[in-house]
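Working through the structure, step by step
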Amino acid sequence: MNSSTYRNIYAAVSRIPRGQVATYGQIALLAGLPGRARQVGYALSALNDPSVPWHRVINAKGEISPRSGGSEADELQRLRLEDEGIRFDSHGRIPLHLYRWRPQEAFLDTVSV
DNA sequence: GAGATGACCCCAA
DNA sequence: CTTGGGGCCATCT
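Residues numbered from 1 in each chain as written. Chains lettered and ligands numbered in written order. Predicted model: local features only at pLDDT ≥ 70, side-chain atom pairs only at ≥ 80, totals over all residues. Heavy atoms only, no water.

Concerning the overall build of chain A
Stated formally: Secondary structure elements are taken from DSSP: a helix is a run of H or I of four residues or more, a strand is a run of E of two residues or more, and numbering for both begins at the N terminus. Exposed residues in this analysis have more than 50% of their type's maximum accessible area, buried residues have under 20%, and partly exposed residues fall in between, with area computed by a 1.4 Å probe over protein chains only. The criterion used for residue contact is that any of the two residues' heavy atoms lie within 4.5 Å.
Secondary structure assignment for chain A yields 6 helices and 2 strands. Secondary structure elements in chain A, listed N-terminal to C-terminal, are α-β-α-α-β-α-α-α. Each of the 113 residues in chain A was classed as buried or not, and the buried ones make up 40%. Looking at chain A alone, contacts between residues at least 24 apart form 63% of all its contacts between residues at least 6 apart.

Structure follows, in structure tokens:
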């Protein structure tokens, strides 16, 4: 893998507007890695940069992906999302039809570089 | 190299 | 709704 790959992923995540969320697959697409959603999850687990809003990345079911290690990150992620105005339904899921980020010009921006 | 693991996704039954 | 199968790929044993 190239370090540019990671930078692309982090850059894509950083473009998610406040109060909205994106799925791993979405980020993979934006980073130029179609079908490599898993790689996005891996990149995020290795992430240690506070300037990247990793909490805005959730799985395709609209849920917060459960971590393996100490599950404190899950709580933090939920708190930060709620702080941005995102409401969870009674199933603990996020209504993607309301909060899903729909990138438009950002797509071309990322890919043609 | 082989196997197992992991913050994933999609489809069919 | 749940199961099971397939695909993706970095990292560690």
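Observations concerning the protein's contact with DNA strand B
Test applied: A cutoff of 4 Å decides nearness: a residue is near a molecule or strand if any of its heavy atoms lies inside that distance of it. Any pair of N or O atoms that falls within 3.5 Å is considered a polar contact. Within protein, one atom must be able to donate a hydrogen and the other to accept it, and sequence-neighbouring residues count only if both atoms are side-chain atoms.
Neighbouring DNA strand B are 16 residues, the closest being Arg38, Ser45, Asn59, Ala60 and Ser68. The sugar-phosphate backbone supplies 47% of the atoms of DNA strand B found within 4 Å of the protein. One of the backbone nitrogen or oxygen atoms of Ser45 is found 3.1 Å away from a base nitrogen of DNA strand B. Between DNA strand B and Ala60, the relevant distance is 2.9 Å, taken from a phosphate oxygen to a main-chain nitrogen or oxygen of the residue.

So, helix α3 (residues 37-45)
This is how it is decided: As used here, the arc belongs to the directions running from the helix axis to the C-beta atoms.
Listing the buried residues of α3 in full gives Val40, Ala43 and Leu44. Down the axis of α3, the sector holding all buried residues measures 95°, keeping them to one side. In this structure, α3 carries Arg38, Tyr42 and Ser45 as exposed residues pointing more than 90 degrees from its buried face.

Structural notes on the pattern of salt bridges
For side chains of opposite charge, pairing can occur when their charged atoms come near one another. For the record, the criterion: Here a salt bridge means any side-chain nitrogen of Lys or Arg lying within 4 Å of a carboxyl oxygen belonging to Asp or Glu.
Counted under the stated rule, the structure contains 3 salt bridges. A salt bridge links Arg56 to Glu84, with the nearest nitrogen and oxygen atoms 2.8 Å apart. One end of the pair, Arg56, is in the loop between α3 and β2 (57-58); the other, Glu84, is in the loop between α4 (72-83) and α5 (96-99), and 28 residues separate them in sequence. The residues Arg56 and Glu84 share a single accessibility class, namely buried. Residue Glu82 pairs with Arg78 through a salt bridge whose shortest N-O separation is 3.2 Å. With Glu82 and Arg78 both in helix α4, this residue pair falls 4 residues apart, about one helical turn. By relative accessible area, which is 35% here, Arg78 ends up partly exposed.

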